[in-house]
Amino acid sequence: MTKSDPNRILRLLPFAVGGLGGTLLMINRLLTPSLTTSQARSDAVGVIISAVLILTGLLWQRVQPRSPEAVELIGEQSFELAPHLPESIQTELAWASHILLTNTVTKSVVIWYRDQVLLRRGVLGPTSTVKPGAIVERVLNTGKAVYLVALKLYPGRVEFNYLPENTQGVICQPIGQEGVLILGANVPRSYTNQDEAWVSAIADKLDNTLSQQESTPISG
C-alpha cells in the first residue's frame, strides 16, 4: 500500500491557475468585438502573469521532486530477544531497538553478534536465522557501514531474507568487529545524514556493552 504525495496538489496549483487564467483571457479576447487600448494593456499583463505561473509550476515539478512513497511492509510485528542473555544486555538491546524504531524511519531491527541473532524487532520477515552474505561480510571485513538506499535495485538483496520481502532501504552498521546492526525501512532514500550518525552512535554503544562480555560468553 502506498501513500499519496501530500505536496502534489500544491506543486500543481501555479500550473493550473496560470493555465486557467490564460484560457479565460483568450476567451475574453475572442468575445470582445472592439478592443480598447487599456484592455490591450490589461490583456498583456494577464498573459505575462499566466506565463509566469505556468513556468513556476513547471519549475516546481523539477525542483521539488516527489517524496519517496512509503509502503506497508509484509510481515508480522514481533519482538524476539535471545533468552540466554544477561538481563543488563537484554535491557540495552531493548532500549537501542526502541530508540531506532521510534526516532528514525526504521521498521525492522536485527542485531547479529558473534554468529548469533541477539534481537529481532519490528516488522519481521519469514526467516529467523541470519546467514551473512556478501554485503554483511563486507561490513564485517571493512568496519564500514553500508546503506542500500533502494534495496530492490541491488542483486544482493536476497541475503536479507530475514527482513520483510518489500523492505525499501537497509542500513548495515558494524558493531565492532564481531557483529552487525541491520535496519530495514519502508521508504527508499529515507535515512538522513543525521540518522546515519545516530545509528553509528548506537552501534558504538552496543559494541561497548557487548564486548565487555568477552570473559563471559554471550551464548551462556
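Residues numbered from 1 in each chain as written. Predicted model: local features only at pLDDT ≥ 70, side-chain atom pairs only at ≥ 80, totals over all residues. Heavy atoms only, no water.

(A) Up close: helix 5 (residues 193–211). Compared with an ideal rise of 1.5 Å per residue, which puts 19 residues at 27 Å, helix 5 spans 27 Å between its outermost C-alpha atoms and is within 8% of the ideal. Those residues of helix 5 that sit buried are Asp-195, Val-199, Ile-202, Ala-203, Leu-206, Thr-209 and Leu-210. Summarising the axial view, the buried residues of helix 5 lie within an arc of 120°, below the 170-degree limit, and thus occupy one face. Facing away from the buried side of helix 5 by more than 90 degrees, the exposed set consists of Asn-193 and Gln-194. Looking at the buried positions of helix 5, the neighbouring elements they touch are helix 3 (87–103), strand 2 (106–113), strand 3 (116–124), strand 5 (169–175) and strand 6 (179–185). (Helix = DSSP H or I, 4+ residues; strand = E, 2+ residues; numbered from the N terminus. Expected span 1.5 Å × (residues − 1). Buried < 20%, exposed > 50% of the residue type's maximum accessible area, 1.4 Å probe, protein only. Arc of directions from axis to C-beta. Contact = heavy atoms within 4.5 Å.)

(B) Broad picture of the pattern of salt bridges. Summed over all chains, the structure comprises 3 salt bridges. Measuring nitrogen to oxygen at the nearest pair gives 2.7 Å for the salt bridge that ties Glu-92 to Lys-205. Pair noted here: Glu-92 is in helix 3 and Lys-205 is in helix 5, with a separation of 113 residues, a long-range link. For Glu-92, a relative accessible area of 14% gives the class buried. Taking the shortest distance from any N to any O, the salt bridge between Arg-114 and Glu-178 comes out at 3.4 Å. With Arg-114 in the loop between strand 2 and strand 3 and Glu-178 in the loop between strand 5 and strand 6, the pair connects residues that are 64 residues apart, well separated along the chain. We classify Arg-114 as buried; its relative accessible area is 18%. (Salt bridge = Lys/Arg side-chain N within 4 Å of Asp/Glu carboxyl O.)

(C) Structural view of the environment of Thr-127. With respect to the helices and strands, Thr-127 occurs in the loop between strand 3 and helix 4 (134–142). In the structure, Thr-127 is positioned 37 residues away from Pro-164 in sequence and 9.3 Å away in space, judged by C-alpha atoms. The residues contacting Thr-127, other than those within four sequence positions of it, are Arg-120, Asn-161 and Tyr-162.

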